Amino acid sequence: QPVTEEPSALAPPAAKPKSAVFYRHLRLDFPAIVRGEGSYLILDDGRRILDASGGAAVACIGHSDARVGEAIMSQIKSASYCATLLYTSTVCEQLCRLLVDSTNGQMARAYIVCSGSEAMEASLKLARQYFLEKTQPEPQRTHFIARHQSYHGNTLGALAVGGHKSRRLPYEPILSTNVSHVSPCYAYRGKKAGESDAEYVVRLADELDAEFQRVGPEKVCAFVAEPVVGGALGAVPSVPGYFKAIQAVCRKYGALFICDEVMCGMGRTGSLHAWQQEEGVFPDIQTYGKCLGGGYQPIAGILASHEIIDTISKGSGAFVTGHTYQGHPVSCAAALAVQHIVAEENLLANVSELGPYLGELLTKRLGDHPYVGDIRGRGFFWGIELVEDKATARPFPPKANVAMEIIDLGLKGADYSVALYPGSGTADGVSGDHVILAPMFNASRAEIETIAD
Ligand code: PLP
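Residues numbered from 1 in each chain as written. Predicted model: local features only at pLDDT ≥ 70, side-chain atom pairs only at ≥ 80, totals over all residues. Heavy atoms only, no water.

Novice: How should the sheet that holds strand E3 (residues 48–51) be read in this particular structure?
Specialist: Within a sheet, adjacent strands bond to each other through the backbone by hydrogen bonds, running parallel or antiparallel. With respect to topology, four strands assemble into an open sheet ordered E1-E2-E3-E16, the strand pairing being mixed. Each edge of the open sheet is held by one strand with a lone partner, namely strand E1 (33–37) and strand E16 (418–419). Of the strand pairs in this sheet, strand E2 (residues 40–43) and E3 are connected by three bridges, and their pairing is antiparallel. Bridge pairing in E3 links Leu 41 to Ile 49. (Pairing = 2+ DSSP bridges. Helix = DSSP H or I, 4+ residues; strand = E, 2+ residues; numbered from the N terminus.)

Laid out in structure tokens, this is it:
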């Protein structure tokens, strides 16, 4: 397998200048990406990396597809910006129509922003506004229930619903107190010995029911969860029947169900929306992000149900939020081009066909490894959980930074260079380190085999 490219062809700078950027890690010297080619990234030191995670499960049709580039340029030449207080744009209308039509009539309208965090903020605000307008003059549904070890974005409202203790900790005093958390559906660590899936589902639904009772059912605005948990736990699908049971609890108490599909949505798990694989489950509000634009432009958004849109249309008539770059026409053009490629090339069939094959290969190669506790996933979204002790599922101490070590080894491989996505375990040992694999939707069988190798 050729994995390096002649450095001379890339003309790297003689001495790398000190970075002017500041990301999360100020002391690390990151390699720079010179260009992308389909499933590969080419770095300034000549390395050719097989991108097995598309960053944080973002890139999905491959890097640097000229067709998306043309769509972006053509949009810039025709209409480069749209002030959404006064206008809509044809391209945003087309994208939102495509999104609404993809929900089998469940959702009424779509709203486009620049990031998953903004999408989560919009979901929380929309849920609050819905109840404000529905229950006037005495609005009291102000409480959100989410799940432990969850991540729903990095802005303060999104962090407030998130259940990731270490990410919340530095901001705790300014995060909302109207949030509480219940257990996630995390079979590897959550299911008791000898417990069936059905028994586990009943136990989790009972826990949610009890939390509604504790808070006061009339105070709960919405329950927030990811259908397949991404970065916080490492590609964890729920057991069959979980979301149906959870939805039933929400409906029983008149609360909304907000489905966060920023990471697992837009085809990543084999259907355009991950909730479409949960029988009888229909969210009231849904977020989407990463694979909508496949990384070509910053774009994300939400879909809202008919009931919510009708209530606000008949009430104030306006969704009270907004951002300068919402519904950006160039981002919409990029996302439309990506979605047309996904549809025209029938890429979700490839995800559905090769996804289980990737799972099989990982299990064959790594299932017996003493440091691999669990391998789980759906479609092209797989997580490998790493443990210090396989028998007891004891995680590595977080300071060992095991996931990051593996990512590093992948990038420096002598025979292969492969990019994976890391996730650290929690300090209290409730979840372990993991590595996420999220190949391009058009990855070939041979690329899937190389990734597993
Ligand atoms: N929700 C989930 C489930 C995510 O995985 C993420 C990002 O990883 C977000 C929200 C926030 O999205 P963004 O990073 O685009 O703000």
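Novice: I'm lost on helix H15 (residues 402–412) in this one. Help?
Specialist: Think of an α-helix as turning once every 3.6 residues; residues three or four places apart then point the same way. All buried positions along H15 are accounted for by Val 402, Ala 403, Ile 407 and Gly 410. Burial along H15 is one-sided: seen end-on, the buried residues are contained in an arc of 145°. Of the residues in H15, the exposed ones pointing more than 90 degrees away from the buried face are Leu 409 and Lys 412. Elements that come into contact with the buried residues of H15 comprise strand E14 (381–389), E16, strand E17 (421–423) and strand E18 (433–437). (Buried < 20%, exposed > 50% of the residue type's maximum accessible area, 1.4 Å probe, protein only. Arc of directions from axis to C-beta. Contact = heavy atoms within 4.5 Å.)

Novice: Help me understand the nonpolar core in this model?
Specialist: A general tendency of soluble globular proteins is for nonpolar side chains to be buried together. Ranked by size, the top nonpolar core spans 61 residues in total, and within it Ile 61, Val 68, Leu 95, Leu 99, Ile 112 and Ile 448 carry the most contacts. Among the elements that line this core, the one with the most residues is helix H13 (residues 329–344), at 10 residues. Counting contributing residues per domain, this core is built from domain 1 (7–64 + 346–452) and domain 2 (69–344), each supplying no fewer than three. Grouped together as the second largest cluster of nonpolar side chains are 30 residues, Cys 185, Phe 223, Ala 225 and Ala 232 included. (Core = buried A, V, L, I, M, F, W, Y, C linked by side-chain atoms within 4.5 Å. Domains from an automatic or database assignment.)

Novice: Even after reading the chapter, I still don't get the pairing of E2, so can you show me in this structure?
Specialist: Burial along E2 is two-sided: the residues Tyr 40 and Ile 42 and Leu 41 and Leu 43 are all buried. Looking at chain direction, E1 and E2 are connected through four bridges and run antiparallel. Bridge pairing in E2 places Gly 36 opposite Leu 41. A loop of two residues connects E1 with E2, the two strands running antiparallel in sequence, and Gly 38 in this loop sits at a positive phi of about 60°. A loop of four residues connects E2 with E3, the two strands running antiparallel in sequence, and Gly 46 in this loop sits at a positive phi of about 95°.

Novice: What exactly am I supposed to notice about the side chain of Glu 261 here?
Specialist: Within the secondary structure, Glu 261 sits in strand E10 (residues 256–261). Buried charged residue Glu 261 carries no salt bridge. Nearest counter-charge: Arg 378, at 8.6 Å. Side-chain polar atoms of Glu 261 contact the backbone nitrogen of Ala 274, separated by 2.7 Å. Residue contacts for Glu 261: discarding those within four places in its chain leaves Pro 227, His 273, Ala 274, Trp 275, Gln 286, Thr 287, Tyr 288 and Gly 289. (Lys, Arg positive; Asp, Glu negative; His and termini not counted. Salt bridge = Lys/Arg side-chain N within 4 Å of Asp/Glu carboxyl O. Polar contact = N/O pair within 3.5 Å; in protein donor to acceptor, adjacent residues only side chain to side chain.)

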